[in-house]
Amino acid sequence: MSTTVVRAACPHDCPDTCALLVTVKDGVATEVRGDPDHPPTSGVLCTKVARYPERTYHKDRLLYPMRRVGKKGEGKFERISWDEAINTIAERLAAIALRDPQAILPYSFAGTMGLVQGESMSMRFFNRIGASQLERTICSSAGSVGYRYTVGARIGTDLEQVQNAKLIVIWGGNPIASNLHLWTRVQAAKRNGARLIVIDPYRSLTAEKSNQHIALLPGTDAALALGLMHVLINENLLDHDYIEKYTLGFAQLREAVQAWTPERVAQECGISAEEVVQLARDYGTAALAGEPVMIRANYGLQRSRSGGMAVRNIACLPALVGAWRHAAGGMQISVSDSFPKNMAALQHPELQKRHGAAARVINMSTIGDDLLRPASAGFGPKIEAMIVYNANPVAVAPESAKVVKGFQREDLFTVVLEHFQTDSADYADILLPATTQLEHVDVHPSYGHVYMMANNAAITPMGEAKPNTEIFRLLAARMGFGEDCFGESDDQIAAQAFRRDHPRSAHYDWEEAKAKGWQRLQMPVAPLAEGGFETPSGKCEFYSEAMLKAGLDPLPSYTRPYESVLSDPQLASRYPLAMISPPARNFLNSSFVNVQSLRDTEGEPHLDMHPDDAATRNIASGDMVRIFNDRGSMQAKVRVTSKARTGLVVGLSIWWKKFAADGKNANEVTSQRLTDMGNAPTFYDVLVEVEKLALTADVAPVAG
Ligand SMILES: Nc1nc2c(c(=O)[nH]1)N[C@H]1C(S)=C(S)[C@@H](COP(=O)(O)OP(=O)(O)OC[C@H]3O[C@@H](n4cnc5c(=O)[nH]c(N)nc54)[C@H](O)[C@@H]3O)O[C@H]1N2
Ligand SMILES: Nc1nc2c(c(=O)[nH]1)N[C@H]1C(S)=C(S)[C@@H](COP(=O)(O)OP(=O)(O)OC[C@H]3O[C@@H](n4cnc5c(=O)[nH]c(N)nc54)[C@H](O)[C@@H]3O)O[C@H]1N2
Ligand code: SF4
Ligand SMILES: [Mo]
């Protein structure tokens, strides 16, 4: 009997990117633990990934290539050989490419965050074909753009400093569920006397553990930040030295925020003026007293119309009070730009250039509309083929009824690379089995810490599963693509992932990373203590010329959500409740929903509703309800609770539709409208009505 321990990295779309130790006994992975020596991980994993062997050896793993035999969406398949699968796909894509390669669309996201199994061989392949490019906006692009305008690059407070902060503001995030290793440091800071303030419409697990919870209406964060700046500036709670040396546009900012009195802000946000004033005073006073004050802004606040501006406005706060001076102060939203990724080597964009004009770009967040669009001069060719990998669009993309209608198109050729038969896989013409993180090699950046992470393969692939890279390598060979880059191994790709000509990653060494599990970037612990903003001016830009050029307000401002009582009273008279659908603790987006032990913990799709809103609708805990608006409806079981503020309902997500009683999930009611910046979706900018399901849906009388 042989037992080995293999060093790996968590592949999931989570800021923590943990270092894993995989115990392998006689070729079988028996245990996955957190590496105690990796500082961010500190030997701890979340419940989901501690169950990784259960997911990898799941009885429903896809083990062979398959071809659809039933109707689209029915989920009936028969086994075929790899040869047949690759031949079928290559022939079909070649025929489409002959007419117009832009009719082919890759659809992928963050099933794995690996630079190898994510977008390396796949992008080379689609660049070489000349396929449409996918604009990957579904998660963080609104806030990324807003942050970059202000701070310049997505860098920020180092995770490993958070325990030293004295005031921590968690703004639109729920780290107990979605950023565990930040949370353990927040707890340590609290034990050392730090105060924790949470800004969230919902009393999340994290808000429950805070010293103060400010429950504003969804989509109003940009206004709250304006109100805070109003108070900080008018009460002179400012670090004048920092402002003078390292910021741009303070005089214009001072003007712009005058209109945003605490009273006006309170009305927009559905909170009290005292809450606005007190938060500004607490934040400014602590900072001026020389204490580290830190803002952890997260994705909850980016998912409505003003999502980009919300992050931009919040990103002005640390510069106003000089919070960046401290290693444990400042702000973190994502530290992705810390990593000098070698995109040219990974993706070979020059392969695309042989097609002349730049490829058409399709936004993944409007895939519902785009799949249903006919060819036109503005749009280009109709989408004729979709290759889906690392993503589950039928469950996660907004306005799902349209997404499903698109996937149902008989003339659409759909290939899905997956571990499981997800809601999207049900629509595949060809379904291909992909390897999991335990079965392939990869290398990872992180968006929550600054370590380059290596993943060794712990076990041989299950059944006939293949890594994404190998599938695209086979397709490239079958289509006769002779460039050298299509012959590179996964190890060769990984070895080029970070730039050796950049000071932060000059020491990157793939062999060393594989042996140790990780290498820390050369990053200063307080990167913006003395300026060094990567904006055009080199300063924190309160006033942004680049925003003006992009047609945006160059100064912090606020636009109401598309759908809210204040912005659209007429719509609100029919659909008075705001709905948000943030991640459930035991799922990772739609991953893990099919792992029995984790699904059992979440139970079934729920809707949290305030007692007042429930009472006026005669709804009690345990009732099944229908949640609906003009776009669609879904069913859920109500929990009457003051965790949801009045006027708000919360459906923790993202459920696989096939595990819900009515075969639907929260994306039935979400819209394809986009944010002010970054073309991102507005998942939490939604009005609905909720009614008790007295009778079963099919015999219920039609409501007026
Ligand atoms: N367990 C678990 N962890 C995850 C994920 C998961 O699905 N499950 N998903 C991963 C991914 S892809 C991402 S992007 C991150 C997301 O992680 P987070 O940024 O933490 O995002 P959410 O959980 O979407 O939102 C966090 C909180 O924002 C609140 N919120 C909603 N709307 C608003 C608003 O308008 N303003 C404010 N201030 N708050 C609002 C929600 O009530 C929720 O409690 O987590 C990652 N980690
Ligand atoms: N209503 C609502 N909708 C949302 C959100 C929300 O909060 N509310 N959150 C949004 C956000 S933040 C995000 S990031 C998106 C997430 O959307 P997606 O990135 O699509 O995330 P998942 O649903 O986890 O789907 C990833 C799929 O990739 C597969 N996969 C994992 N590793 C591999 C691999 O190596 N190879 C292949 N071929 N497949 C692999 C997994 O099995 C899984 O089915 O959802 C968005 N949708
Ligand atoms: S999902 Fe996040 S917390 Fe869980 S193991 Fe992966 S990186 Fe760590
Ligand atoms: Mo995300």
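Because the structure is predicted, anything quoted here is derived from the model rather than measured.

Colleague: Which residues make up the overall build of the protein, and what are the values?
Modeller: The number of helices and strands found in the protein is 26 helices and 27 strands. For 704 residues, the compact-globule formula gives about 27 Å, and the C-alpha radius of gyration of the protein, at 25 Å, lands near that figure. Taking as baseline every contact in the protein between residues at least 6 positions apart, the subset at least 24 positions apart corresponds to 75%. Working note: accessible area of the protein is about 24,900 Å², and carbon and sulfur atoms make up 50% of it. One finds the centroid of the 73 positive side-chain charges in the protein at a distance of 1 Å from the centroid of its 79 negative side-chain charges.

Colleague: I'd love a proper account of the side chain of Arg-303, names of residues and values included.
Modeller: Within the secondary structure layout, Arg-303 lies in the loop between strand E12 (293-297) and helix H14 (307-321). Within the buried core, Arg-303 has no salt-bridge partner, and the shortest N-O distance to an opposite charge, that of Asp-13, equals 7.7 Å. Sequence-distant contacts of Arg-303, defined by excluding residues within four places in its chain, comprise Ile-138, Cys-139, Pro-681, Thr-682, Phe-683, Tyr-684 and Asp-685.

Colleague: A description of unusual backbone geometry should follow, citing residues and the corresponding values.
Modeller: With an omega dihedral of 5 degrees, the bond running from Ser-653 to Ile-654 counts as a cis peptide bond. Within the secondary structure, Ile-654 is located in the loop between strand E26 (648-650) and strand E27 (687-692). One non-glycine residue, Asn-236, lies in positive phi territory at about 55 degrees. As for its placement among the helices and strands, Asn-236 is situated in the loop between helix H9 (221-234) and helix H10 (240-246). The exposure class of Asn-236 is partly exposed, given its relative accessible area of 46%. The phi torsion at Asn-679 lies on the positive side, around 50 degrees, for a residue other than glycine.

Colleague: Explain the site of ligand 1 to me, and be specific about the residues and the numbers.
Modeller: Every one of the 32 residues lining ligand 1 counts as a neighbour, but Ser-178, Asp-200, Asn-298, Phe-587 and Asn-589 are closest to it. A distance of 2.8 Å separates a nitrogen atom of ligand 1 from a polar atom in the backbone of Ala-177. The contact in question runs from an oxygen atom of ligand 1 to an N or O atom on the side chain of Asn-298, over 2.5 Å. Out of a free accessible area of 910 Å², ligand 1 has 98% covered by protein chains. Here the shell around ligand 1 is composed, by residue class, of 17 nonpolar, 9 polar and 6 charged. Counting contributing residues per domain, the shell around ligand 1 is built from domain 3 (156-334 + 527-549) and domain 4 (569-692), each supplying no fewer than three.

Colleague: Give me the UniProt feature "domain: 4Fe-4S Mo/W bis-MGD-type" (unreviewed entry) in the protein: which residues, what numbers.
Modeller: Here the UniProt feature "domain: 4Fe-4S Mo/W bis-MGD-type" (unreviewed entry) sits at residues 3-60. Structurally, residues 3-60 comprises 16% helix and 36% strand, and the distance from its first C-alpha atom to its last is 27 Å.

Colleague: Account for the sheet that holds strand E13 (residues 330-332), with residues named and values stated.
Modeller: In spatial order, the strands read E10-E9-E8-E12-E13; together these 5 strands make up an open sheet with parallel pairing. Here the strands that pair on one side only, and so sit at the sheet edges, are strand E10 (212-214) and E13. Going across the sheet, the axis of each strand differs from the next one's by a mean of 15 degrees, ignoring polarity. Alignment of strand E8 (residues 167-171) against strand E9 (residues 195-199), held across 5 bridges, turns out to be parallel. When the sheet's bridge partners are listed, Ile-168 is paired in E9 with Leu-196.

Colleague: Lay out the site of ligand 2 with the relevant residues and their values.
Modeller: Taken together, 30 residues lie near ligand 2, and Glu-418, Ser-581, Ser-590, Ser-591 and Tyr-684 sit nearest. Here an oxygen atom of ligand 2 sits 3.4 Å away from a polar atom, N or O, in the main chain of Ala-391. Alone, ligand 2 offers 920 Å² of accessible surface; in the complex the protein occludes 97% of this. Its residues placed into classes, the shell around ligand 2 shows 12 nonpolar, 14 polar and 4 charged. When residues of the shell around ligand 2 are assigned to domains, at least three map to each of domain 2 (66-139 + 339-520) and domain 4 (569-692).

Colleague: Hey, could you go over the sheet that holds strand E20 (residues 518-520) for me, with residue numbers and the actual values?
Modeller: Two modes of strand pairing occur in sheets, parallel and antiparallel, and in both the strands are linked by backbone hydrogen bonds. Within the open sheet, the 3 strands sit side by side as E18-E19-E20. Their pairing is antiparallel. What marks the edges here is a single partner per strand, and that holds for strand E18 (442-444) and E20. In this sheet, adjacent strand axes meet at a mean angle of 15 degrees when their direction is disregarded. As judged from the 3 bridges shared by strand E19 (residues 451-455) and E20, these two strands associate in the antiparallel manner.

Colleague: An account of the nonpolar core is needed here, citing residue identities and associated values.
Modeller: Residues Phe-125, Trp-171, Leu-224 and Leu-320 are the most contacted members of the largest nonpolar core, which totals 111 residues. Structurally, this core is a two-domain feature, drawing no fewer than three residues from each of domain 2 (66-139 + 339-520) and domain 3 (156-334 + 527-549). Look past the residues within four positions of Trp-171 in its chain and what remains in contact with it is Ile-199, Asp-221, Leu-224, Ala-225, Leu-228, Ile-295, Arg-296, Ala-297, Asn-298, Leu-301, Ile-314 and Leu-317. Membership of the second largest hydrophobic core comes to 44 residues, among which are Phe-77, Val-396, Val-403 and Ala-644.

Colleague: Pulling in residues and values, what's your account of the packing of aromatic side chains?
Modeller: Under the counting rule described, the total for this entry stands at 17 aromatic pairs. Ring geometry for Tyr-299 versus Tyr-447: centroids 6.4 Å apart, planes at 70 degrees, classification edge-to-face. Taken together, the residues Tyr-299 in the loop between E12 and H14 and Tyr-447 in the loop between E18 and E19 connect sequence positions 148 residues apart. An aromatic cluster of at least three residues, connected via ring pairs, comprises Phe-125, Phe-126, Tyr-389, Phe-472, Phe-481 and Phe-486.

Colleague: Residues and numbers for the pairing of E9, please.
Modeller: Burial analysis of E9 places 4 of its 5 residues in the buried class, the great majority of the element. The pairing of E9 with E10 spans 3 bridges and is classified as parallel. From the neighbouring strand, Val-198 faces E10, where its bridge partner is His-213.

Colleague: Tell me what's going on with the layout of surface pockets, and back it up with residues and numbers.
Modeller: Here the second largest pocket defines a volume of roughly 990 Å³. Considering the residues around the second largest pocket, the lining is formed by 35 residues, among which Phe-109, Met-113, Arg-136, Arg-154 and Lys-341 are closest to the centre. The set of elements that each furnish at least two residues to the lining of the second largest pocket consists of strand E7 (133-135), helix H5 (141-151) and helix H15 (343-347). Counted by class, the lining of the second largest pocket contains 14 nonpolar, 14 polar and 7 charged residues. For the lining of the second largest pocket, the two domains that each supply at least three residues are domain 1 (3-56) and domain 2 (66-139 + 339-520).

Colleague: Give me the lowdown on helix H4 (residues 121-129), citing residues and values where you can.
Modeller: Within H4, 9 of the 9 residues are buried, which leaves the element mostly enclosed by the surrounding structure. By the burial criterion, the buried members of H4 are Met-121, Ser-122, Met-123, Arg-124, Phe-125, Phe-126, Asn-127, Arg-128 and Ile-129. Immediately downstream of H4, the backbone of Gly-130 shows phi near 85 degrees, a positive value.

Colleague: Provide a residue-level description of the pattern of salt bridges, including the pertinent values.
Modeller: This model, assessed by the stated rule, comprises 46 salt bridges. Notably, a salt bridge pairs Asp-337 with Arg-148, separated by 3.1 Å at the nearest N-O pair. Highlighted residues: Asp-337 in the loop between E13 and H15 and Arg-148 in helix H5, separated in sequence by 189 residues. With a closest N to O distance of 3.0 Å, Arg-499 and Asp-501 form a salt bridge. Among the residues examined, Asp-501 registers a relative accessible area of 59% and is labelled exposed. Put simply, Asp-239, Asp-241, Lys-245 and Arg-325 are held in one network by salt bridges that share partners.

Cut-offs used in this document
- Residues numbered from 1 in each chain as written.
- Chains lettered and ligands numbered in written order.
- Predicted model: local features only at pLDDT ≥ 70, side-chain atom pairs only at ≥ 80, totals over all residues.
- Heavy atoms only, no water.
- Helix = DSSP H or I, 4+ residues; strand = E, 2+ residues; numbered from the N terminus.
- Rg over C-alpha atoms; globule rule 2.2 N^0.38 Å.
- Contact = heavy atoms within 4.5 Å.
- Areas by Shrake-Rupley, 256 points an atom, 1.4 Å probe, with all protein chains shown as cover.
- Lys, Arg positive; Asp, Glu negative; His and termini not counted.
- Charge placed at Lys NZ, Arg CZ, Asp CG, Glu CD.
- Buried < 20%, exposed > 50% of the residue type's maximum accessible area, 1.4 Å probe, protein only.
- Salt bridge = Lys/Arg side-chain N within 4 Å of Asp/Glu carboxyl O.
- Near = heavy atom within 4 Å.
- Polar contact = N/O pair within 3.5 Å; in protein donor to acceptor, adjacent residues only side chain to side chain.
- Nonpolar A, V, L, I, M, F, W, Y, C, P; charged D, E, K, R; others polar.
- Domains from an automatic or database assignment.
- UniProt positions renumbered as here; feature names shortened; annotations may be inferred.
- Pairing = 2+ DSSP bridges.
- Axes fitted to C-alpha atoms, helices over the stretch in contact; angles between N-to-C directions.
- Core = buried A, V, L, I, M, F, W, Y, C linked by side-chain atoms within 4.5 Å.
- Phe/Tyr/Trp six-rings, centres within 6.5 Å; stacked < 30°, edge-to-face > 60°.
- 1 Å grid on protein atoms, 1.4 Å probe; cavity = no way out; pocket = protein on both sides within 12 Å on 5 of 7 lines; lining within 4 Å.
- Points joined across faces, edges and corners; volume = space filled by probe spheres on them.

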